[in-house]
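Summary of structural features
Listed below, chain by chain, are the residues.
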Amino acid sequence: MLTTPLEAAGHTRLSRPEEIAAYLARLAAGTRGAQLWSLGHSAGGRPLSALHLPACAGATPSLRVLLVGSQHGASEAAGGEALLVLARELAARGSGGPWDGLEVLICPDANPDGRALDSARNAEDVNINLDFVLLTQPETRALDTLLREFAPDVVLDAHESAVLKHKTLAREGYMTDFETQFDCANNPAIPAALRAYAEQQLLPTLVARVAAQGIAAQRYIREILSLSQVATHGGLTAHKFRNRAGLSGALAFLLETRMDPKAGSYPSFRNIAVRSAKQLLAQRVFLDTVAERHAELKTLLAAQRHSEEPLVVEARYASRGPGQVLHLPMRSIADGQLREFAFADHRAVVCGPALTPPRAYWFNDHHETFMRLLDNHGFAYEQVTSASRCVLRVQPLSAPQEQWPPPQRLTRELPAGSVRVAVGGPRGRLLSVLLEARSNSSVFRHESFARLLSPGGECCVLAEEA
C-alpha cells in the first residue's frame, strides 16, 4: 500500500509540498483512468496540482465531487493530510462500493507556500481564503479554474479552527471547545432551492452522522474572538470559497475541525495524527452522504443551475429577536474547566431588495481594468466596434454608499469601444454578485475598484435590461 508522506514520517512532521506532489503523481500513475491535473504555480513558484479520479465503469451519470484542503497552509494542515488518505481509498475502490458513482477531483495542498513556510498565507503574504472576489492570487485563480473546468456538483472545503487564539479570545482567559463544524454556501444570490436543500437536508445529516460516531458536531459558528461578540454562522459573501463555489452552480460546504494549541504535549507532531483522523472521518461521512443521494442531487442541480429567479445581492446578519441568545461552551485557560456563555444570537439573515437578472453588463469607462478582471474570472466578453443603443439600469452615486439613491432606468447610446459581458449560464448569478455596485461581494468594496466611483456621478457598470 502506498504510504502518505505523513505516515512515512511517522507523524513527526507535516507533509511537504514536494512530497504531496510526488504522492499524487504515484497515485495517478498506479490508478486506472486517474490523471494528475497541473494547475500552474503558487505565488512562490511551487507547483499546484489536483488528482482526478473517474467514477467506476458503468456508473453514469457520475456525481462530480471537488475536495479542497489546506487553503491555510501549515496552519490548517489536517484537512489536506486526510485528503491524501481519502485519495488512496478512492483510488483503490472496486466495483459495487458506495462511492462507485463519484467522479472526484482532489486538491489537497491548495496553498503549498503556506505549508512550506509554516504559515496560513502564501508567499505574497495573502490570505487566499479571502481572495475569491478579485482573484489576485494564482492559488485562487487555480481553484476557480477547477470550478469552471470540472464543474463540480458538490464541493467540500476542509479547514481547521484553532481553539487557542492568542491575540483575541485568550486575552479574556478562554479557548473555544468546538470539535467538528459544517456550514453550507449561504450567499443569498444562490438559488433558494439549493440553499434550502443544503441547509435543511444535507447540513443536519452531516452533523448528525459525525456526532453518531462519537465526535461532537454542529453547524459552523463564526470565529469566537471575544466573549462579548454576537454569534453568527459563516460569512455571506463570495470572498469565501464555499460561496464562490455555490454561485458557480455547486452544492458547497465548509468543514472545520479542532486544531489543538501548537505548544501542547501530544503523541504526534502538533497532534496531527488525531487531527487528521477527525478530518478523515468527517470527509468519509461527506462522501457517504452525497453518494447516497446521488440521483436526488443530480436532479436538483439540473433544475436549478440556470435559475432566473430574482437576484438578491445584499444581505447581513441580524438579531433573531430581543433577548435571543446562543449558549456556547468555552474552556478556561487557567483551570481547563468548561463554562457556558450566552452570546447574542444574530443568526437571522436580512436581505436587500431583489433584482431582475440583467441580460448583460456594460462598462463605459476603465475598459482595461474590467477586461483584466473578467479575464481572471474566465468570463467571455466583447468590445463592440460600433455604437449600441440600450435600455440600462444605472446606479447614481453619492457619499456614503448607504445613501445612494435608487437605480434609474435610462435609454443610452454606448459608444464604440464599450465592453459588454453577457449574463447567462450557471455562473451568471456570480457575475451579478461581483459587478452590482450595491452587492456585499461587489468588486467596488475593494479599494482598487472603489476609487473608480465618483460621488455625484454614476457607476461605470451599467446593467442591460432583459
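Since we're looking at a predicted model, the values are computed, not measured.

Some details on the nonpolar core
- Counting residues in hydrophobic clusters, the biggest one holds 107 residues, and the most contacted among them are Leu67, Leu251, Phe253, Phe286 and Phe444.
- Setting aside residues up to four positions removed in sequence, Phe444 forms contacts with Phe370, Leu435, Ala437, Phe449, Ala450, Leu453, Cys459, Cys460 and Val461.
- In terms of nonpolar packing, the next biggest core, distinct from the first, is built from 11 residues, Ile224, Leu227, Met330 and Phe343 among them.

A few points about helix H6 (residues 192–211)
- Between the first and last C-alpha of H6 there are 28 Å, a value that for 20 residues agrees with the 28 Å anticipated at 1.5 Å per step.
- The axis of H6 is deflected most strongly, by about 35°, at Leu202, and proline Pro204 appears within four residues downstream.
- Those residues of H6 lying buried are Leu194, Tyr197, Ala198, Leu202, Leu203, Thr205, Leu206, Val207 and Val210.
- The secondary structure elements touched by the buried residues of H6 are strand E7 (180–184), strand E8 (217–219), strand E9 (251–259), helix H8 (272–292) and helix H9 (294–304).

Focus on the side chain of His72
- On the secondary structure map, His72 appears in the loop between strand E3 (63–69) and helix H3 (78–92).
- For His72, a relative accessible area of 11% corresponds to the buried category.
- Within the structure, His72 has its side chain in polar contact with the side chain of Glu76 (distance 3.1 Å).
- If we ignore the near neighbours within four places in the chain, the residues touching His72 are Asn111, Ser119, Ala120, Asn127, Asn129 and His159.

A short note on the state of the cysteines
- Enumeration according to the criterion identifies zero disulfides in this entry.
- Note on Cys390: no disulfide assigned, nearest cysteine sulfur contributed by Cys459 at a separation of 16 Å.

Examining H3
- Relative to the 21 Å expected for 15 residues at 1.5 Å per residue, H3 spans 22 Å between its end C-alpha atoms, a close match to the ideal helical length.
- Burial within H3 is extensive, with 12 of its 15 residues counted as buried.
- Listed in full, the buried residues belonging to H3 are Ala78, Gly79, Gly80, Glu81, Ala82, Leu83, Leu84, Val85, Leu86, Ala87, Arg88 and Leu90.

Regarding the packing of H3 against H8
- Two numbers describe how H3 lies on H8: the axes approach to 8 Å, and their chain directions differ by 55°. Regarding the angle of H3 to H8, the classification is oblique. Two packed elements cross with a definite hand, and for H3 against H8 that hand is right-handed. Each of Ala78, Gly79, Glu81, Ala82, Leu83, Val85, Leu86, Glu89 and Leu90 in H3 lies in contact with H8, whose residues at this interface are Ile272, Arg275, Ser276, Gln279, Leu280, Gln283, Arg284 and Leu287.
- When its residues are assigned to classes, the contact of H3 with H8 shows nine nonpolar, four polar and four charged.

So, how was this worked out
- Residues numbered from 1 in each chain as written.
- Predicted model: local features only at pLDDT ≥ 70, side-chain atom pairs only at ≥ 80, totals over all residues.
- Heavy atoms only, no water.
- Core = buried A, V, L, I, M, F, W, Y, C linked by side-chain atoms within 4.5 Å.
- Buried < 20%, exposed > 50% of the residue type's maximum accessible area, 1.4 Å probe, protein only.
- Contact = heavy atoms within 4.5 Å.
- Helix = DSSP H or I, 4+ residues; strand = E, 2+ residues; numbered from the N terminus.
- Expected span 1.5 Å × (residues − 1).
- Bend = angle between axes of the 7 residues up to and from the residue.
- Polar contact = N/O pair within 3.5 Å; in protein donor to acceptor, adjacent residues only side chain to side chain.
- Disulfide = S-S within 2.5 Å.
- Axes fitted to C-alpha atoms, helices over the stretch in contact; angles between N-to-C directions.
- Parallel < 35°, antiparallel > 145°, perpendicular 65-115°, else oblique.
- Left-handed = near helix turned anticlockwise from the far one by under 90°.
- Nonpolar A, V, L, I, M, F, W, Y, C, P; charged D, E, K, R; others polar.

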